[in-house]
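Here are the chains, one letter per residue:
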Amino acid sequence: MTDSDGRGSEDAPGIADPADAPDDVGTVYLVGSGPGDPELLTVKARRLIEEADVVLHDKLPGPEILDLIPAERREDVGKRAGGERTPQSYTNRRLVELARAGETVVRLKGGDPFVFGRGGEEMEALADAGVPFEVVPGITSAVGGPGVAGIPVTHRDHASSVSFVTGHEDPEKDESAVDWTALAETGGTIVVLMGVGKLPEYTRALREAGLDPETPVALIERATWPGMQVATGTLDTIVAVRDREGIEPPAITVIGEVAATRDRVVEFLRAEGVDR
């Protein structure tokens, strides 16, 4: 799976002034759930999920983690690429509303809340409204996902740097903020989150920027979830591989020499639920 990466340009109108906050306001916990395997939840994350009055969650923590939460204590405010999405302004208001009702609230996100998860925006909205909050980091799928697939994002022999990029930017932007030419020149690993749909565009951009068409590429779908799937190719072939293997969101794209590491270790790699 990938980290939460809902896009939207909505502001957060309607959040009351912090001076209006009651004395018994609850606390909001911005919690990262990791890639999706419940055993990869941090001890603190699991405890907070069990103790919370309400859990507002993305669709990306994964079915096994969401099944840990009783239906009456959870609200789905997630987004999925190409599907329906909850406006960020609603989520911000709802967090404040619940906290001001005295509830202990967990805002549960896939991966880490601050890696393309909009946790920063929610943190600012809570502070503006005078609502206390705490950040609970999670294993980002940008590192954990490739790792369970046998792909280290850095490797002394192959990559001394790594760049994390969203493949699903705000649709309201006039142009992409991602400089693919600069990324092609870094010589390090490029990890793209939520980038399955735009794969043809950015692989072409990287080739046009001079990145070798034979550069190894891996796609990891639903990392650590049941039915996890991994497919490998090159910058020149990976779109055809995606289509042939039926790779769909949520998935992670790893571009660079480290992606070839998987082929050298996969025979001995043990990962539950992986479709090799």
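Coordinates for the structure precede this section.
Residues numbered from 1 in each chain as written. Predicted model: local features only at pLDDT ≥ 70, side-chain atom pairs only at ≥ 80, totals over all residues. Heavy atoms only, no water.

J.: Please clarify how the sheet that holds strand E7 (residues 189-193) should be interpreted in this entry.
T.: Strand pairing in a sheet is mediated by backbone hydrogen bonds. Such pairs are either parallel or antiparallel. The five strands are arranged E6-E7-E10-E8-E9 in an open sheet whose pairing can be described as mixed. The open sheet has two edge strands, strand E6 (162-166) and strand E9 (229-234), and neither has a second partner. The mean inter-strand angle of the sheet, taken between neighbouring strand axes irrespective of direction, is 20 degrees. With five bridges joining them, E6 and E7 adopt parallel strand pairing. In the strand pairing of E7, Ser163 is matched with Ile190. In the packing of helix H7 (residues 199-208) onto the sheet, the strands contacted are E7, strand E8 (216-221) and strand E10 (251-255), and the crossing angle to E10 comes to about 10 degrees. (Pairing = 2+ DSSP bridges. Helix = DSSP H or I, 4+ residues; strand = E, 2+ residues; numbered from the N terminus. Axes fitted to C-alpha atoms, helices over the stretch in contact; angles between N-to-C directions. Contact = heavy atoms within 4.5 Å.)

J.: Looking at this structure, how should I read the pairing of strand E1 (residues 28-32)?
T.: Looking along a regular strand, one sees side chains alternate from face to face of the sheet. Among the five residues of E1, five are classified as buried, and the element is accordingly described as predominantly covered. Here E1 shows two buried faces, one formed by Val28, Leu30 and Gly32 and the other by Tyr29 and Val31. Of the strand pairs in this sheet, E1 and strand E4 (residues 105-109) are connected by five bridges, and their pairing is parallel. For Tyr29, the partnering residue across the bridge sits in E4 and is Val106. Judged from the four bridges that link them, E1 and strand E5 (residues 133-136) form a sheet pairing that is parallel. Counted as the bridge partner of Leu30 is Val135 from E5. (Buried < 20%, exposed > 50% of the residue type's maximum accessible area, 1.4 Å probe, protein only.)

J.: Just to check I follow, could you spell out unusual backbone geometry for this structure?
T.: Peptide bonds are trans in most cases, and residues, glycine excluded, mostly fall at negative phi. With an omega of 0 degrees, the peptide bond between Pro249 and Pro250 qualifies as cis. You can see Pro250 is positioned in the loop between helix H8 (238-245) and E10. A positive phi angle is found at Met194, which is not glycine, with a value near 55 degrees.

J.: Where do I start with the sheet that holds E5 in this structure?
T.: Taken together, the five strands give an open sheet; going across it, the order is E3-E2-E4-E1-E5, and neighbouring strands pair in parallel fashion. What marks the edges here is a single partner per strand, and that holds for strand E3 (74-76) and E5. Here the average twist between neighbouring strands, direction ignored, is 20 degrees. Pairing of strand E2 (residues 54-57) with E4, which is carried by four bridges, proceeds in the parallel orientation. Residue pairing for E4: His57 is matched across the bridge by Leu108. Its contacts with the sheet put helix H4 (residues 119-128) on E1, E4 and E5, and the angle it makes with E1 is roughly 170 degrees.

J.: Which parts of the structure should I look at to understand the environment of Thr186?
T.: Structurally, Thr186 is set in helix H6 (residues 180-186). For the pair Thr186 and Val162, spaced 24 residues apart in sequence, the C-alpha to C-alpha distance is 8.8 Å. A distance of 3.3 Å separates a polar atom in the side chain of Thr186 from the backbone nitrogen of Gly188. (Polar contact = N/O pair within 3.5 Å; in protein donor to acceptor, adjacent residues only side chain to side chain.)

J.: What exactly am I supposed to notice about the pattern of salt bridges here?
T.: Opposite charge on two side chains allows them to pair when their charged atoms are near. For the structure shown, the criterion picks out 14 salt bridges. A salt bridge links Arg94 to Glu97; the nearest nitrogen and oxygen atoms lie 2.3 Å apart. One end of the pair is Arg94 and the other is Glu97, both in helix H3 (residues 88-100) and three residues apart, which spans about a single turn. Classification of Arg94 by relative accessible area gives buried; the value is 18%. According to the relative accessible area criterion, Glu97 is partly exposed, its value standing at 47%. (Salt bridge = Lys/Arg side-chain N within 4 Å of Asp/Glu carboxyl O.)

Purely geometric stuff here, so don't read any function into it on its own.
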